[in-house]
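Report on the structure
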Amino acid sequence: QVQLVESGGGLVQAGGSLRLSCADSGLTFSSVKMGWFRQAPGKEREFVAAITSTGGYTNYADSVKGRFTISRDNAKNTVYLQMNSLKPEDTAVYYCATLRTVIPVTWDNWGQGTQVTVSS
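Let me sum up the structure you'll find in this document. (Residues numbered from 1 in each chain as written. Predicted model: local features only at pLDDT ≥ 70, side-chain atom pairs only at ≥ 80, totals over all residues. Heavy atoms only, no water.)

Concerning the packing of aromatic side chains
Put simply, the rule reads: To pair, rings of Phe, Tyr and Trp, with the six-membered ring standing in for Trp, must have centres within 6.5 Å; the planes then decide the type, stacked if under 30 degrees apart, edge-to-face if over 60, and tilted in the middle. Secondary structure elements follow DSSP: runs of H or I of four or more residues count as helices, runs of E of two or more count as strands, with numbering from the N terminus. Burial classes: relative accessible area under 20% of the type maximum marks a residue as buried, over 50% as exposed, and values in between as partly exposed (1.4 Å probe, protein chains only).
Counting across every chain of the model gives three aromatic pairs. With a centroid separation of 5.7 Å and an interplanar angle of 75°, the aromatic rings of Phe-37 and Phe-47 are classed as edge-to-face. Taken together, the positions of Phe-37 in strand 4 (residues 34-39) and Phe-47 in strand 5 (residues 46-51) put the pair 10 residues apart, joining distant regions of the chain. In this structure Phe-37 comes out as buried when scored by relative accessible area, which is 7%. Phe-47 gets classed as partly exposed once you look at its relative accessible area, which sits at 28%. Taken together, a centroid distance of 4.8 Å and an interplanar angle of 65° make the contact between Phe-37 and Trp-110 edge-to-face.

A few points about the side chain of Asp-90
Here is the rule: Polar contact criterion, stated in full: a pair of N or O atoms within 3.5 Å, where within protein one must be able to donate a hydrogen and the other to accept it, and residues adjacent in sequence count only if both atoms are side-chain atoms. Between two residues, a contact is recorded if the distance between any of their heavy atoms is within 4.5 Å.
Turning to its location among the elements, Asp-90 is positioned in the loop between strand 8 (78-83) and strand 9 (92-101). With relative accessibility at 1%, the residue Asp-90 sits in the buried group. A polar contact of 2.7 Å, which involves the side chain of Asp-90, links it to the side chain of Arg-67. With sequence-adjacent residues up to four places away left out, Asp-90 is seen in contact with Arg-38, Arg-67, Phe-68, Ser-85, Val-116 and Val-118.

Structural notes on the sheet that holds strand 3 (residues 18-24)
Selection criterion: When DSSP finds at least two bridges between two strands, those strands are taken to pair. Between the N-to-C directions of two axes lies an angle of 0 to 180 degrees, each axis being a line fitted to C-alpha atoms and, for a helix, fitted only over the stretch in contact.
On the basis of which strands lie adjacent, the open sheet formed by four strands has the order 1-3-8-7 and antiparallel pairing. Edge positions in the sheet fall to strand 1 (4-7) and strand 7 (68-73), since each of these pairs with one other strand and no more. When the angles between neighbouring strand axes are averaged without regard to direction, this sheet yields 15°. In the sheet, strand 1 pairs with strand 3 via four bridges, with the strands oriented antiparallel. By the bridge assignment, Ser-7 is partnered in strand 3 with Ser-21.

Considering unusual backbone geometry
That bond from Ile-103 to Pro-104 is cis: its omega, -10°, falls within 30 degrees of zero. Along the chain, Pro-104 turns up in the loop between strand 9 and strand 10 (106-108). Its identity is not glycine, yet Asn-77 carries a phi of approximately 50°, on the positive side. Examined against the element boundaries, Asn-77 turns out to sit in the loop between strand 7 and strand 8. The phi dihedral of Ser-85 falls on the positive side, at around 50°, and the residue is not glycine. Looking at the element boundaries, Ser-85 is found in the loop between strand 8 and strand 9.

So this is what it looks like as structure tokens:
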């Protein structure tokens, strides 16, 4: 059974950087596409970035493109989100998830989330 645990969140000033990690304790990590999402107070959860099972293809929300980088280490069953040039509007709880279905796109196995707060 897949169990995702996010870590690495915290408080950072605008312009700073954080690196989030998402560790998977299941056995199927290397065969699944992974995604990062975030939810700010009073807003719906939104897509941030995704990476294919081998790490060969990534895609990003326009709001983070050029600032965030998603990567994975299948030997460590971990996916990362490197966040640079952080802005106050990046403040949110960040979640990772596994791709469940392609058509339509649905996600599963949500972690508990990690809080990222960017001060101005």
